[in-house]
Amino acid sequence: MLSVSLDKLVPEYVKRFEPYLPSKPDLELMKLYGCDRLFRLNNNENPLGPPPEAREIIRRFKPPKAAIYPSGDSYYLRQKLATRQGLDPDQYLVGNGANEVIAFVIKAFCQEGDNIITADKTFAVYEWVAEFSGFEVRLVPLKNFCFDDQGMLERIDERTKILFLCNPNNPTGTYWDETTLRRFLDSVSGRQIVVVDEAYFEFVEKEDYPNGIKLLGEYSNLVVFRTFSKMYGLAGLRIGYLVGSPEVVNVIRRTCVVYSVNEVAQEAALAALNDGDHMQRTRILVSAEKAFLLRELQRIGLETQAGEGCYVMIRIPISDTLAYRKLMAQGVMIRSMTGFRYPNWIRVSIGTHEAMEAFVKALRDILA
Ligand SMILES: *Cc1c(COP(=O)(O)O)cnc(C)c1O
């Protein structure tokens, strides 16, 4: 076999980058850890699944349509989002999950020598995409578990192109209120793109929590991310979007891959927007079970960090990777947080009462 000159072919920044290893399918994990059922509390998925309207669309999807390319730019979904949010359909770009639109934005604005700024302990994909694309990532430490606005502003230089804010933050649940976000946008003053990732927007009920989409008219450098993976229960279909000012979105459109969003996902997302009370039922479940979980953890005497969103962080007296394996053996999958730069912490998604009880019982067991 002819060998390939990888040493010369692979850019240094790709050589340096550690690939992310996705976890094995549930069935394989169950065999590996010897459990006969598995509560998935690692990915902040909706415990109620997709709304009934979306279920119906998925069930009725006509198999011959699988042979036909979908709308290349999610035409009807963009129309519906625009009508609801009072914007123009051309202000939206839909992607294969919000994960994909992160890459669209970075590719549109960064070139060799540029940098992006985000927090050290947040959703890691902003950092990863920038890094394996060869751009500098400036990580600003969280302050009291929260994005540090002043710290981020201080790291800006003439090569800074994008600032990423996760609001509320995954994994800490903290958020910037409207005053803080406006003050930050005023300071940036259009010199950089500001991305506000609102993956958990629909879970937040706080009065002072800003709706980024409502601020688009005032700040044309603002880009907002939303997803159908969390509240709308469509994580398996991979669909999310970005929304911004017409001029900024017209630039990002150039780096956006068409046809990456499949037809079932587009139709299910459209139906999910018609949701009757699914969103409300999810909010009620999450807030009741989060309160239950926090009470139980307090009784065990563990430090927690919880805020908005459908997840809670827990500090544990053993290594988080060991805790992951021990909890798996009891049929509970959580997120170990060394990868989030929080060694000895785990993140638990809020699930059904049955799942929360199973988690608490398993946790007591492994710590006993
Ligand atoms: C889950 C999540 C996303 C991405 O979700 P997709 O499934 O790719 O749409 C983006 N940002 C944050 C903070 C998330 O937690």
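Below is a summary of the structure that appears in this document. (Residues numbered from 1 in each chain as written. Predicted model: local features only at pLDDT ≥ 70, side-chain atom pairs only at ≥ 80, totals over all residues. Heavy atoms only, no water.)

**Quick word on the packing of helix α13 (residues 278–300) against helix α15 (residues 353–367)**
So, point 1. Put simply, α13 and α15 touch, their axes get as near as 10 Å, and they point 15° apart. Comparing the axis directions of α13 and α15 gives the class roughly parallel. For the pair α13 and α15, the sense of crossing is right-handed. Between α13 and α15, the contacting residues are Glu 289, Phe 292, Leu 293, Glu 296, Leu 297, Arg 299 and Ile 300 on the first element and His 353, Met 356, Glu 357, Phe 359, Val 360, Leu 363 and Arg 364 on the second.
So, point 2. Considered class by class, the residues forming the contact of α13 with α15 number 8 nonpolar, 1 polar and 5 charged. (Axes fitted to C-alpha atoms, helices over the stretch in contact; angles between N-to-C directions. Helix = DSSP H or I, 4+ residues; strand = E, 2+ residues; numbered from the N terminus. Parallel < 35°, antiparallel > 145°, perpendicular 65-115°, else oblique. Left-handed = near helix turned anticlockwise from the far one by under 90°. Contact = heavy atoms within 4.5 Å. Nonpolar A, V, L, I, M, F, W, Y, C, P; charged D, E, K, R; others polar.)

**As for the pairing of strand β7 (residues 222–227)**
So, point 1. Among the 6 residues of β7, 6 are classified as buried, and the element is accordingly described as predominantly covered.
So, point 2. Side chains Leu 222, Val 224 and Arg 226 of β7 all project onto a buried face; the interleaved residues Val 223, Phe 225 and Thr 227 project onto the opposite face, where all are buried too.
So, point 3. Of the pairings in the sheet, the one linking strand β6 (residues 193–197) to β7 comprises 4 bridges and is parallel in character. Bridging from a neighbouring strand, Val 194 pairs with Leu 222 of β7.
So, point 4. In this sheet, strand β8 (residues 240–244) lies alongside β7 in antiparallel orientation, the contact comprising 5 bridges. Bridging across to β8, Thr 227 finds its partner in Gly 240. (Buried < 20%, exposed > 50% of the residue type's maximum accessible area, 1.4 Å probe, protein only. Pairing = 2+ DSSP bridges.)

**Thoughts on the side chain of Asn 115**
So, point 1. With respect to the secondary-structure elements, Asn 115 resides in strand β3 (residues 115–119).
So, point 2. Sequence-distant contacts of Asn 115, defined by excluding residues within four places in its chain, comprise Glu 136, Arg 138, Asp 157, Arg 159, Thr 160, Lys 161 and Ile 162.

**Overview of unusual backbone geometry**
In most cases, non-glycine residues show a negative phi, while peptide bonds are predominantly trans.
So, point 1. Following Asn 167, the chain continues into Pro 168 via a peptide bond in cis, with omega recorded as 0°.
So, point 2. Structurally, Pro 168 is set in the loop between β5 (160–166) and α9 (178–188).
So, point 3. For the peptide bond that leads from Asn 170 to Pro 171, omega is 25°, which places it in the cis range.
So, point 4. Within the secondary structure, Pro 171 is located in the loop between β5 and α9.
So, point 5. The phi angle at Asn 144 is positive, at roughly 50°, despite the residue not being glycine.
So, point 6. Examined against the element boundaries, Asn 144 turns out to sit in the loop between β4 (136–140) and α8 (149–155).
So, point 7. Although it is not a glycine, Asn 344 sits at a positive phi angle of roughly 70°.
So, point 8. Within the element layout of this structure, Asn 344 appears in the loop between β12 (335–336) and β13 (345–349).
So, point 9. According to the relative accessible area criterion, Asn 344 is partly exposed, its value standing at 33%.

**Considerations on the site of the ligand**
So, point 1. As a structural note, the neighbourhood of the ligand is formed by 13 residues, with Ala 98, Asp 197, Thr 227, Ser 229 and Lys 230 the closest of them.
So, point 2. Lys 230 places a polar side-chain atom, nitrogen or oxygen, 2.9 Å from an oxygen atom of the ligand.
So, point 3. A class-by-class count of the residues in the shell around the ligand yields 5 nonpolar, 5 polar and 3 charged. (Near = heavy atom within 4 Å. Polar contact = N/O pair within 3.5 Å; in protein donor to acceptor, adjacent residues only side chain to side chain.)

**Let's talk about the nonpolar core**
So, point 1. Of all hydrophobic cores here, the largest spans 112 residues; its most connected members are Ile 162 and Phe 359.
So, point 2. Built from parts of two domains, this core gets at least three residues from each of domain 1 (22–49 + 276–367) and domain 2 (52–272).
So, point 3. Not counting the four nearest positions on each side in its chain, Phe 359 is found in contact with Leu 41, Leu 293, Leu 297, Ile 314, Leu 327, Val 332, Ile 334, Ile 346 and Val 348. (Core = buried A, V, L, I, M, F, W, Y, C linked by side-chain atoms within 4.5 Å. Domains from an automatic or database assignment.)

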